[in-house]
Amino acid sequence: MPTFDPRSTALILVDLQDGIVAGDKGPHSAAAVVAAGKTLADRFRAQGAPVVLVHVGFTAGAMPSLNVDQPRLPAEGTPPAFSALVEGLRQDGDIVVLKHHWGAFTGTDLDLHLRRRGVETVVIAGIATNFGVESTARTAWELSYDVVIVEDACTSRSSDLHDFAIRHILPQIARVVSVETVTLG
């Protein structure tokens, strides 16, 4: 795996927030993913590379359509505590993006933040692999960013959901790596 240029690479951590980390996850625990995310963020900050913390909140006026076969979102939205970033994640200088959809680019200024900083490569991790992470990666790829997914810094509601995205979807739009192989310099 190549060494990433901190002048043109950003870390995007997706949905490492109180309302998402609760509950069972697989194949990696939420605690392990949060710890891996913090490790990556420290590594990026130490090299002066941008760290983007994406969290999601749903309100009745800002959410995707609920007219679906299996709605999972409450019609009234989520309580404010749902969106709180996990303790100890946010540091001074981080870019914080609040989204109202699965992907971090839809309806946000994320692309503008990245372009203004000369970012060409995005390293993405978080929860859930096949929802927020995959949706963010798809749009990043469509916007012509080089996309890197950190497999052991991602997880989903089940190992099967995570594994399907990691094996069949993400390799077609990204390089899939592990935390230990992500180096900047």
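As the structure is a computational prediction, the values presented were derived from the model and not from experiment.

This paragraph deals with the overall build of the protein. When you go through the protein residue by residue, the secondary structure sums to five helices and six strands. For the protein, the α and β elements follow one another from N to C terminus as β-α-α-β-β-α-β-α-β-α-β. Relative to its length of 185 residues, the protein is compact, with a C-alpha radius of gyration of 15 Å against a globular reference of 16 Å. In terms of its C-alpha atoms, the protein occupies a principal-axis envelope of roughly 45 × 35 × 30 Å. For the protein, with 185 residues in total, the buried portion stands at 46%. Across the protein, contacts joining residues at least 24 apart in sequence account for 82% of those joining residues at least 6 apart. Carbon and sulfur atoms form 49% of the exposed surface of the protein, whose accessible area is close to 8900 Å². On the protein, the mean spot of the 15 positive side-chain charges and the mean spot of the 21 negative ones are 3 Å from each other.

With that settled, the discussion passes to the side chain of threonine 136. Position of threonine 136 relative to the elements: it lies in helix α4 (residues 129–142). Under the relative-accessibility criterion, threonine 136 is labelled buried at 0%. Among all residues touching threonine 136, those that are not within four sequence positions of it are Val14, Trp102, Gly103, Ala104, Phe105 and Ile124.

Next up on the list: the pattern of salt bridges. For the structure on display, the rule yields six salt bridges. With a closest N to O distance of 3.0 Å, aspartate 111 and arginine 115 form a salt bridge. Of this pair, aspartate 111 and arginine 115 both sit in helix α3 (residues 110–116), four residues apart, which is roughly one turn of the helix. Here glutamate 134 makes a salt bridge to arginine 138, at a shortest N to O gap of 2.8 Å. Placement of the pair is glutamate 134 and arginine 138 together in helix α4, with a separation of four residues, close to one helical turn. Residue glutamate 134 is classed as buried on the basis of its relative accessible area of 9%.

Another aspect to go through is the packing of aromatic side chains. In this description, an aromatic ring pair is defined by two values, namely the gap between the centres and the angle between the planes. Counted by the stated rule, this structure contains two aromatic pairs. Between tryptophan 102 and phenylalanine 131, the ring centres sit 4.6 Å apart and the planes meet at 70°, which makes this aromatic pair edge-to-face. Placement of the pair is tryptophan 102 in the loop between β3 (95–99) and α3 and phenylalanine 131 in helix α4, with a sequence separation of 29 residues.

Rules and cut-offs
Residues numbered from 1 in each chain as written. Predicted model: local features only at pLDDT ≥ 70, side-chain atom pairs only at ≥ 80, totals over all residues. Heavy atoms only, no water. Helix = DSSP H or I, 4+ residues; strand = E, 2+ residues; numbered from the N terminus. Rg over C-alpha atoms; globule rule 2.2 N^0.38 Å. Buried < 20%, exposed > 50% of the residue type's maximum accessible area, 1.4 Å probe, protein only. Contact = heavy atoms within 4.5 Å. Areas by Shrake-Rupley, 256 points an atom, 1.4 Å probe, with all protein chains shown as cover. Lys, Arg positive; Asp, Glu negative; His and termini not counted. Charge placed at Lys NZ, Arg CZ, Asp CG, Glu CD. Salt bridge = Lys/Arg side-chain N within 4 Å of Asp/Glu carboxyl O. Phe/Tyr/Trp six-rings, centres within 6.5 Å; stacked < 30°, edge-to-face > 60°.

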